[in-house]
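Report on the structure
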Amino acid sequence: APSQSQGFKGMMKAVLPIFAALLVLDAAAAFNLQPNALPRLSSQLRAASPQLRTTGVSNLMCSAPVDKRAERRRIVSNPNFNRRGFAETKEEVEGMMVDEFKSDLVAKIRAAGNTFVNEDVTIKLAESYGFCWGVERAVAIAYEARSFYPDDDIHITNEIIHNPGVNNRIGEMGINFVKPTGNGNEKDWSKVKQGDVVILPAFGASLEEMQLLDEKGCKIVDTTCPWVSKVWNAVDAHKKKEMTSVIHGKWKHEESVATASMADDYVIVLNMDEALYVSNYILKGGDREEFLAKFKNAMSEGFDPDVHLKKVGIANQTTMYKDETAAIAKLFERTMMKKYGPDKVNEHFMSMDTICDATQERQDAVQGLLENKDEIDLFLVVGGWDSSNTAHLLEIVEMNGKVGYHVDMAARIKEDGSIEHRNVDGSIATAKNFLPKGKITIGVTSGASTPDKSLEDAIERIFLLKALERDAVSA
């Protein structure tokens with residue numbers, strides 16, 4: 001009967017991909033292929049079969065345990081994977097970087113011992129500020145890639161860094177940003193074709209994204225900051241000891257997404273309050289369903305707080321507030337000591353220093369300015385509004401009882417004397433007449449994703465407002 005025939009066809013349509021996956025496994029066994037070689041084989045099968053392009057052999061085998069460190073190393077060892085940049089275009093790009101990002105004014109302030117007077121404005125510049133080595137390296141490699149592949153389609157999986165000016169420049173160079181679909185962390189990869197160049201940003205990319213690009217046969221240019229890779233190594237160490245990674249970070253942040261993808265079992269805590277919640281659950285137990293609801297977007301698939309919190313290792317998003325990360329690590333060390341005893345703590349707890357030097361130096365430099373905070377009228381913090389490390393600089397200012405304004409670009413400082421700025425809670429506000437009258441001293445810093453030119457532009461706006469004030473008085 002026709003209905004029986006259609007049912008049989010439907011059943012076969014569902015079953016055939018599974019048989020294909022089993023054939024892949026049999027072939028791997030017959031040729032002594034390691035599981036890490038399977039993604040290559042699966043990509044070849046996808047190319048040959050429309051059904052497998054939809055179902056995906058890798059997806060059918062996702063229940064099989066994967067050595068994520070070995071898989072990462074396999075992808076990195078591919079000849080199409082480049083994380084060293086392009087010597088052929090390096091000199092050209094160095095000139096471009098100087099022209100676009102360096103600042104004569106900031107260099108002059110540095111030469112004056114980080115204190116600079118312009119009429120009635122005194123600028124006190126933090127000792128460490130602005131572009132860090134990892135960010136500068138990432139931007140340079142992206143520029144080098146564009147120059148090395150002038151006619152290729154080039155894509156980037158996220159913003160290269162959290163700075164609107166730099167990202168706009170990347171777009172002007174014809175580098176396409178892979179767009180999110182609006183469904184969680186999913187992205188639309190439909191425009192990325194075999195042989196295209198794909199840049200991984202300074203925050204890194206998830207293992208799943210790396211696998212997808214490897215299977216597509218893309219040329220991958222990796223600008224991941226080495227400090228982020230250091231965190232991945234810490235997560236690898238947790239897995240060796242069968243520990244759950246407790247990641248101090250923001251679950252939506254690109255870096256935390258990438259780090260979590262390298263872990264087997266993890267939970268992401270935003271702050272000390274969430275860390276205390278997890279600590280109390282370890283010591284006293286609690287409402288399992290409430291725990292799962294609270295961390296539903298911030299934990300590994302199948303996470304069970306009654307099973308996966310017996311042994312924990314601490315990792316972090318490298319741009320988090322360093323003192324809070326250190327306090328969270330101490331909290332979990334005490335928690336495991338109380339739960340299992342001092343003699344067993346090393347079996348149940350691990351922590352490695354993975355706060356990046358640049359983040360720490362910029363935070364320490366703001367603390368340095370605050371040692372003489374009574375001399376400073378207000379603080380100006382320049383950096384992307386979605387930049388975690390920049391946001392923490394403002395937090396430090398406000399925790400010390402001082403007024404600070406976080407702007408992502410100079411244009412936020414308006415000629416009418418107002419300033420559009422980001423508050424610590426992430427909200428955007430406008431303050432009118434934010435500059436005090438007369439002589440003022442301003443503490444200035446910028447996030448690790450902020451070029452000196454952006455800092456110069458913001459300082460020049462301050463000078464302009466004070467010049468307009470003087471003109472109004474003299475008139």
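Residues numbered from 1 in each chain as written. Predicted model: local features only at pLDDT ≥ 70, side-chain atom pairs only at ≥ 80, totals over all residues. Heavy atoms only, no water.

Overview of the sheet that holds strand β10 (residues 312-316)
Worth spelling out the cut-off: Pairing between two strands is assigned when DSSP locates at least 2 bridges connecting them. Working definition: helices are DSSP H or I runs of at least four residues, strands are E runs of at least two. Numbering for both runs from the N terminus. Under this scheme, a helix contributes an axis fitted over its contacting stretch, all axes are lines through C-alpha atoms, and angles between N-to-C directions fall in the 0 to 180 degree range.
Here we have 4 strands laid out as an open sheet, ordered β9-β8-β10-β11, and parallel in their pairing. In this open sheet, the two strands that pair with only one neighbour each are β9 (266-269) and β11 (349-351). Each strand of the sheet is rotated relative to its neighbour by a mean of 25°, with strand direction disregarded. Note: strand β8 (residues 244-248) against β10, 5 bridges, orientation parallel. Considered in β10, the bridge of Thr244 is made with Val312.

Description of the nonpolar core
Most often, soluble globular proteins have nonpolar side chains that are buried together. Using the following cut-off: By nonpolar core is meant a set of buried Ala, Val, Leu, Ile, Met, Phe, Trp, Tyr and Cys residues that side-chain atoms within 4.5 Å join together. The classification of residues rests on relative accessible area computed with a 1.4 Å probe and restricted to protein chains. Under 20% of the type maximum is buried, over 50% is exposed, and intermediate values are partly exposed. It only takes one pair of heavy atoms within 4.5 Å for two residues to be counted as in contact.
If you look at the biggest cluster of nonpolar residues, it comprises 31 residues, and the most contacted ones within it are Val278, Phe295, Leu309 and Phe332. Those elements giving two or more residues to this core turn out to be α11 (226-240), β8, β9, α13 (272-284), α14 (288-294), β10 and α15 (322-340). For this core, the leading source of residues is α15, giving 5 residues. Leave out the neighbours within four places in its chain, and Val278 touches Val269, Phe291, Phe295, Leu309 and Phe332.

What about the confidence of the model for the chain?
Condition: Note: pLDDT gives the predictor's confidence per residue, expressed from 0 to 100.
Scored by pLDDT, the chain comes out at a mean of 89, with 86% of its residues at no less than 70. Confidence drops under a pLDDT of 50 for residues 24-63, and excluding neighbours within four residues, the segment shows 46 contacts in the predicted structure.

Thoughts on unusual backbone geometry
Generally, phi is negative for residues other than glycine and the peptide bonds are trans, each holding for most cases. Of note, the phi angle at Glu242 is positive, near 55°, even though the residue is not glycine. Summarising the element assignment, Glu242 is placed in the loop between α11 and β8.

What about the packing of aromatic side chains?
Put simply, the rule reads: Paired rings are identified among Phe, Tyr and Trp, the last through its six-membered ring, by centres lying within 6.5 Å, and are further divided according to the angle between planes into stacked (under 30 degrees), edge-to-face (over 60) and tilted (the rest). A ring has a charge above it when a Lys NZ or an Arg CZ is no more than 6 Å from the ring centre and no more than 35 degrees off the ring normal.
Summed over all chains, the structure comprises 12 aromatic pairs. A connected cluster of aromatic rings, assembled from ring pairs, spans Tyr277, Tyr281, Phe291, Phe295 and Phe303. A cation over an aromatic ring shows up here: Lys294 above the ring of Tyr277, its NZ or CZ 5.0 Å from the ring centre.

A look at helix α6 (residues 87-101)
The condition is simple: The span one expects for a helix is its residue count, reduced by one, times 1.5 Å. The angle between axes fitted to the seven-residue stretch ending at a residue and the seven-residue stretch beginning at it gives the bend at that residue.
A rise of 1.5 Å per residue sets the reference length of α6, with its 15 residues, at 21 Å; its end C-alpha atoms lie 21 Å apart and thus fit the reference within 8%. Along α6, the helix axis deviates most sharply at Val93, where the bend reaches about 30°. Listing the buried residues of α6 in full gives Thr89, Val93, Met97 and Phe101. Packed against the buried residues of α6 are α8 (133-148), α9 (164-172) and α19 (452-474).

Re the sheet that holds strand β7 (residues 219-222)
One open sheet accounts for 5 strands, arranged β1-β7-β6-β4-β5; its pairing is parallel. At either margin of the open sheet sits one strand with a lone partner, and together these are β1 (81-82) and β5 (175-177). Relative to strand β6 (residues 197-200), strand β4 (residues 154-156) runs parallel, the two sharing 3 bridges. Opposite His155, over in β6, you have Val198 as the bridge partner.

Digging into the packing of helix α5 (residues 68-76) against α11
The condition is simple: In this count, Pro and Cys sit with the nonpolar residues alongside Ala, Val, Leu, Ile, Met, Phe, Trp and Tyr, while Asp, Glu, Lys and Arg are called charged and the others, Gly among them, polar.
Orientation of α5 relative to α11, taken along the N-to-C sense of each, is 145°, at an axis distance of 10 Å. Together, Lys68, Arg69 and Arg72 of α5 and Trp232, Asn233, Asp236 and Lys239 of α11 make up the contact between the two elements. Residues of the contact of α5 with α11, tallied by class, amount to 1 nonpolar, 1 polar and 5 charged.

Section: the pairing of strand β12 (residues 378-382)
When a strand is regular, its side chains alternate between the sheet's two faces. Applied cut-off: With strands facing away from the observer, any crossover in which the path from the first strand over the helix to the second runs clockwise is taken as right-handed.
Of all the 5 residues making up β12, 5 are buried; the element is thus mostly covered by neighbouring parts of the structure. Burial along β12 is two-sided: the residues Leu378, Leu380 and Val382 and Phe379 and Val381 are all buried. With 5 bridges connecting them, β12 and strand β16 (residues 440-446) associate as parallel partners. From the neighbouring strand, Val381 faces β16, where its bridge partner is Thr445. The handedness of the β12 to strand β13 (residues 404-407) crossover, carried by helix α18 (residues 388-399), is right-handed.

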